[in-house]
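Working through the structure, step by step
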Amino acid sequence: MSSILRNDSFRNIAIIAHVDHGKTTLVDAMFRQSGLFRANQETDDRLMDTMDLERERGITIAAKNCSVLWKDVRINIIDTPGHADFGGEVERALSMADGAILLVDASEGPLPQTRFVLKKALEADLKIIVIINKIDRNDARPDDVLDEIYDLLIDLDASDDQLEFPLLYAIGRDGIAMKSLNEKGINLHVLLDTILKEIPGPSHDPEAPFQMLVSDLSYSDYLGRLAVGKIFNGTARFRDNLVCIGKNGESISLKVSKLQVHDGIKLKDVDEVQSGDIAVMAGIEDVKIGDTICNRQTPKALPRISVDEPTVSMDFTINNSPFAGKEGKYVQSSRIRERLLKETLLNVAIQVENTKDRDRILVKGRGEFQLAILIETIRREGYEFSVGRPEVICRYKNGKKLEPVEKLLVDCEERFLGVVTEKLSLRKGKMTSLVNNGKGRVRIEFSVPTRTLIGYRDEFLTDTRGTGIMYSLFDGYEEFRGDCPSRFTGSIVADRTGNAVPYALFNLEPRGRLFVLPGNPVYEGMIIGEHNRSQDIAVNPCKEKKLSNMRASGKDDNVILSPIKPITLEQAISFIREDELLEITPLSVRMRKAVLSGQKRHTLRAARIKAKGS
């Protein structure tokens, strides 16, 4: 029996944290202090946020690899997303790691999404280093946060070894880490030394043949498809003849046309890669995440990356509104389907299914935010399409209907506790804990069905005057909790095509909140506002004031409209009802009825009422 050895010339480490707890800023500081840049070299902030959407929103969406060299040891760093909707990214990133840095805000403490990623790291039996970040905040409470971290680890059934974690305190923005609060930190050297000391080198079997698990995919205009993954055993060289083992055990031959490893944030060409390293390999087109690349002589597949099942689905269809094809470059259902299938190659948490209607494609994901990011990404590439309201994916067990449930954490001022509790109880939420720290803010945990949370975020921000914080995390399936209205207001729907007129909009303002500006093009069936009452209302936003040749004693009042806040993509997704769609183009996001004709909608409504009565 062969012995297992460790390659101490590498360390593979994932950085896990909740959204906005400072992990990308900490990685920036590690780059600078490891000698990656010259002392006077100008660099951007948040180097790892390479996507436009990541820079705009200040969050990490896709897991990315980089490396730093410290004391002749290459530390491969995997920057993971902090949002639970991108959990698929976390699961594939952790498959490359041998240890993890858990970064927690010194004021906010471990939040629901920290729990999600940490649970995955513990299940993978990774060595954990805990860093309490932002200890310079005025409201920092590092001792209490440390207790909360222990409580979380115990709650997640961490082993005794995992509870004996190394602890550091940091100010990531200043590039400082220290072992105790009494020290005065100077740099991050103590963190880099702790990684070398505490995180084990990747293990390998010296007698085993070459095996590499594909954990990520990329694309180069010159090299084609690139497979990224950790080498579990053996070595591979430039121009080697290998095989790729797919999901069903089928083998595809390949010849390595290029080998690269991460050198900082760039890639470096190498002639050979060895066990434990994270490599980028070119030479195979038909490769998927979870495949194993290995020797031809002794092909043996590694366990595939397993990800949690999607919980939310959304219909993607062609755009059939009167404005179809005016703003988008790609409008055909075949092009939209092709682009969505391409996304499934890069994102293991997204699933695409065909339906009986060839113009309709069902897309499944982890949450409405993940689907919103997907929509925003492909609309910027020139695609034009329509999407329906997100629907949760229910299961059936022993004849009972089960639905996905979220663990919801709310942090708000004490005075808003009543309205938040009331609104969530209407949405079938159950309060599980309430903590009042005596400083004017309360922290409440709820168990809420996923379907009733869709559309609640904007209402929550309004109720808490923009001061509330809300985080949710998938918490399994429970028995269906009963029907709940998705929205308590109706829609203001245009009844004709034309351009919105100030006079008409001014007279419509008392009816509710408007979404269109004067001069905006509208069409029959387009939603131009939110009605104050629960039912929909058809209106004419193009109506101009009747003019006559009679002179008035005074003059007409100048029409002054209330300011209209542009509705964002996420707000629009959560606003629409089951009978409504979202028209997505590279330039516009419009809400509309699924059936545009007012007469047809009236006929369908009458038929439904008649069917209920009988």
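Preceding this paragraph is the structure being described.
Summarised in this report is the structure supplied together with it. (Residues numbered from 1 in each chain as written. Predicted model: local features only at pLDDT ≥ 70, side-chain atom pairs only at ≥ 80, totals over all residues. Heavy atoms only, no water.)

As for the packing of helix H8 (residues 333–346) against helix H9 (residues 368–379)
- For the pair H8 and H9, interaxial distance at closest approach is 12 Å and the crossing angle is 125°. Between H8 and H9, the interaxial angle falls into the category oblique. For the element pair H8 and H9, the recorded crossing hand is right-handed. Of the residues in H9, those touching H8 at Arg339, Leu340 and Glu343 are Leu374, Thr377 and Ile378.
- Partitioned by chemical class, the residues of the contact of H8 with H9 number three nonpolar, one polar and two charged. (Axes fitted to C-alpha atoms, helices over the stretch in contact; angles between N-to-C directions. Helix = DSSP H or I, 4+ residues; strand = E, 2+ residues; numbered from the N terminus. Parallel < 35°, antiparallel > 145°, perpendicular 65-115°, else oblique. Left-handed = near helix turned anticlockwise from the far one by under 90°. Contact = heavy atoms within 4.5 Å. Nonpolar A, V, L, I, M, F, W, Y, C, P; charged D, E, K, R; others polar.)

Considering the pattern of salt bridges
- The final tally for this structure, using the stated rule, is 36 salt bridges.
- Two residues, Arg389 and Glu578, come together in a salt bridge whose shortest N-O distance is 3.9 Å. Here Arg389, found in the loop between strand E23 (385–388) and strand E24 (391–392), pairs with Glu578, found in the loop between helix H14 (569–575) and strand E36 (580–584); they are 189 residues apart in sequence, far enough to count as distant.
- Residue Glu578 is classed as exposed on the basis of its relative accessible area, which comes to 54%.
- Where salt bridges share partners, they join Asp536, Arg577, Asp579, Glu580 and Lys593 into one cluster. (Salt bridge = Lys/Arg side-chain N within 4 Å of Asp/Glu carboxyl O. Buried < 20%, exposed > 50% of the residue type's maximum accessible area, 1.4 Å probe, protein only.)

Focus on the sheet that holds strand E11 (residues 224–233)
- With respect to topology, eight strands assemble into an open sheet ordered E14-E13-E19-E10-E11-E18-E15-E16, the strand pairing being antiparallel. Looking at which strands have only one partner, the edges of the open sheet turn out to be strand E14 (251–255) and strand E16 (266–269). Looking at each pair of strands side by side, their axes are set apart by 40° on average, direction ignored.
- Bridge analysis of strand E13 (residues 241–245) against E14 gives five bridges, and the strand direction is antiparallel. Across the sheet, Val243 pairs through a bridge with Ser253, a residue of E14. (Pairing = 2+ DSSP bridges.)

Examining H9
- If you check H9, its first and last C-alpha atoms are 16 Å apart, about what twelve residues at 1.5 Å a residue would give, namely 16 Å.
- The buried fraction of H9 is high, at ten of twelve residues.
- Along H9, the residues classified as buried are Phe369, Gln370, Leu371, Ala372, Ile373, Leu374, Ile375, Glu376, Ile378 and Arg379. (Expected span 1.5 Å × (residues − 1).)

So, the side chain of Ser491
- Tracing the backbone shows Ser491 in strand E30 (residues 490–494).
- A residue is classified by how much of its surface remains accessible, and Ser491, at 0% relative accessible area, is buried.
- Reaching out from Ser491, the side chain makes a polar contact with the side chain of Glu580 at a distance of 2.8 Å. (Polar contact = N/O pair within 3.5 Å; in protein donor to acceptor, adjacent residues only side chain to side chain.)

Observations regarding the packing of aromatic side chains
- Going through the model one piece at a time under the given rule, you end up with six aromatic pairs.
- Ring geometry for Tyr330 versus Tyr383: centroids 4.8 Å apart, planes at 40°, classification tilted. Of this pair, Tyr330 sits in the loop between strand E20 (312–317) and H8 while Tyr383 sits in the loop between H9 and E23, and the two are 53 residues apart along the sequence.
- A relative accessible area of 17% means that Tyr330 is categorised as buried.
- Measuring from ring centre to ring centre gives 5.9 Å for Tyr456 and Phe460, while their planes differ by 50°; the resulting arrangement is tilted. (Phe/Tyr/Trp six-rings, centres within 6.5 Å; stacked < 30°, edge-to-face > 60°.)

Here's the deal with the nonpolar core
- Within the largest apolar cluster, 41 residues are counted, with the highest numbers of intra-cluster contacts made by Ile16, Leu102, Leu118, Ile128, Ile132, Ile149 and Leu153.
- Of all hydrophobic cores here, the second largest spans 29 residues; its members include Leu374, Ile378, Val493 and Ala572. (Core = buried A, V, L, I, M, F, W, Y, C linked by side-chain atoms within 4.5 Å.)

Focus on the sheet that holds strand E34 (residues 527–531)
- The four strands are arranged E32-E34-E30-E35 in an open sheet whose pairing can be described as mixed. In this open sheet, the two strands that pair with only one neighbour each are strand E32 (512–514) and strand E35 (537–539). In this sheet, adjacent strand axes meet at a mean angle of 30° when their direction is disregarded.
- Across four bridges, the pairing between E30 and E34 is antiparallel. In the strand pairing of E34, Val493 is matched with Ile527.

Observations concerning unusual backbone geometry
- Notably, Asp125 is not glycine yet its phi reads approximately 60°, a positive angle.
- Along the polypeptide, Asp125 turns up in the loop between helix H4 (112–123) and strand E6 (127–133).
- In the Ramachandran plot, Asn398 falls in the positive-phi region, its phi being about 55° despite a non-glycine side chain.
- Tracing the backbone through its elements, the reader meets Asn398 in the loop between strand E25 (395–397) and strand E26 (400–413).

Side note on the pairing of E23
- The alternating pattern of E23 places Phe385 and Val387 and Ser386 and Gly388 on opposite faces, both of which are buried.
- As judged from the four bridges shared by E23 and E36, these two strands associate in the antiparallel manner. Its bridge partner being in E36, Phe385 is matched across the sheet by Ile584.

Description of the environment of Glu403
- If you trace the backbone, Glu403 turns up in strand E26.
- A relative accessible area of 0% places Glu403 in the buried class.
- Once the C-alpha coordinates of Glu403 and Ser562 are considered, the two residues, 159 residues apart in sequence, prove to be 41 Å apart.
- The contacts of Glu403, once residues within four sequence positions are left out, are Cys394, Pro449, Arg451, Gly476, Tyr477, Glu478, Glu479, Phe480 and Arg481.
- Side chain to side chain, Glu403 and Arg451 meet in a polar contact 2.4 Å long.

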